[in-house]
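# Summary of structural features
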Amino acid sequence: MEKLTTVEGGAYPFGMKNVDTDIVIPAHWLKTISRNGLGKGAFEVLRKEPGNVFDDPAYAGSPILIAGDNFGCGSSREHAAWALGDLGIKVVIAPSFSDIFSGNAFNNGILTVVLPQEAVDRLLEVAKTDPIHVDLEAQTVTTQFQDRFSFEIDPFRKHCLLGGLDEIGLTLGEADVIDSYEAKVAQDRPWIAPAAVA
């Protein structure tokens with residue numbers, strides 16, 4: 001997982017409320033176990049509408065998505081987070097998220113930022129013309145117009161995102177402790193250790 005410290009750039013001024021995971025990635029995309037290529041299916045139904053923000057060249061490649069209340073509700077499909085990641089989104093800002101979506105986003109290196117509706121409304125306006133800056137270390141979202149919004153995040157999630165640590169990375173970080181334990185088990189209970197292959 002890549003480290004996430006600061007993210008600056010354009011933002012999709014989406015703002016739609018109650019967007020469920022079927023809107024984020026329709027069910028027919030769930031046949032794959034690969035994360036690659038799912039960005040093409042992200043918001044597929046909405047992208048059929050002329051003038052949608054996801055196909056607007058002004059927002060192409062934006063690393064931030066500004067969404068509405070209750071983003072990621074519905075089914076628990078992890079493909080929704082995969083699709084956003086493949087689309088290049090690193091941060092989603094909204095007034096609230098489904099707990100399951102928020103967990104899936106975190107597990108895939110995407111930061112979910114909860115801000116009050118007034119702050120989200122302001123960012124939706126700024127995003128139409130100017131970049132937004134998200135600083136995970138400082139836990140702030142800022143604009144060049146002196147807007148500054150603070151957000152809360154679970155300390156463990158913050159630690160993992162800043163360090164680029166997924167479950168495998170966390171386990172590898174304890175390699176010395178694991179090796180020490182295995183060596184002690186091999187010494188104290190040799191009958192447990194697998195026999196060496198000749």
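Located above this text is the structure these notes cover.
Residues numbered from 1 in each chain as written. Predicted model: local features only at pLDDT ≥ 70, side-chain atom pairs only at ≥ 80, totals over all residues. Heavy atoms only, no water.

## Points about the pairing of strand β6 (residues 132-135)
- Here four bridges tie strand β1 (residues 6-9) to β6, and the two strands are oriented antiparallel to one another. Paired with Val7 across the bridge in β6 is Val134.
- In this structure, the hairpin formed by β6 and strand β7 (residues 140-142) is closed by a connection of four residues, where Gln139 is found at a positive phi of approximately 55 degrees. (Pairing = 2+ DSSP bridges. Helix = DSSP H or I, 4+ residues; strand = E, 2+ residues; numbered from the N terminus.)

## Thoughts on the sheet that holds β6
- Spatial strand order, β1-β6-β7-β8: four strands in an open sheet with antiparallel pairing. Bordering the open sheet on either side are β1 and β8 (148-150), each of which pairs with just one other strand. The sheet shows a mean angle of 10 degrees between the axes of neighbouring strands, direction not considered. (Axes fitted to C-alpha atoms, helices over the stretch in contact; angles between N-to-C directions.)

## Regarding the packing of aromatic side chains
- Within the structure shown, the criterion is met by eight aromatic pairs.
- Judged by centre distance (5.4 Å) and plane angle (65 degrees), the ring pair of Phe14 and Phe43 falls under edge-to-face. Of the two residues, Phe14 sits in the loop between β2 (11-13) and α1 (21-24) while Phe43 sits in the loop between α1 and α2 (44-47), which places them 29 residues apart along the sequence. The same class applies to Phe14 as to Phe43, namely buried.
- By way of ring pairs, the aromatic residues Tyr12, Phe14, Phe43 and Phe54 are connected into one cluster. (Phe/Tyr/Trp six-rings, centres within 6.5 Å; stacked < 30°, edge-to-face > 60°. Buried < 20%, exposed > 50% of the residue type's maximum accessible area, 1.4 Å probe, protein only.)

## Re the side chain of Ser102
- Position of Ser102 among the secondary structure elements: in helix α4 (residues 99-107).
- Of the polar contacts made by the side chain of Ser102, one reaches the side chain of Thr112; its length is 3.0 Å.
- Setting aside its immediate chain neighbours within four residues, Ser102 contacts Phe97, Thr112 and Arg157. (Polar contact = N/O pair within 3.5 Å; in protein donor to acceptor, adjacent residues only side chain to side chain. Contact = heavy atoms within 4.5 Å.)

## Concerning the packing of α4 against helix α6 (residues 155-163)
- Between α4 and α6, whose axes approach to 10 Å, the crossing angle comes to 30 degrees. Between α4 and α6, the angle falls in the class roughly parallel. Between α4 and α6, the residues in contact are Ser102, Gly103 and Phe106 and Phe156, Arg157, Cys160 and Leu161, respectively.
- By residue class, the composition of the contact of α4 with α6 is four nonpolar, two polar and one charged. (Parallel < 35°, antiparallel > 145°, perpendicular 65-115°, else oblique. Nonpolar A, V, L, I, M, F, W, Y, C, P; charged D, E, K, R; others polar.)

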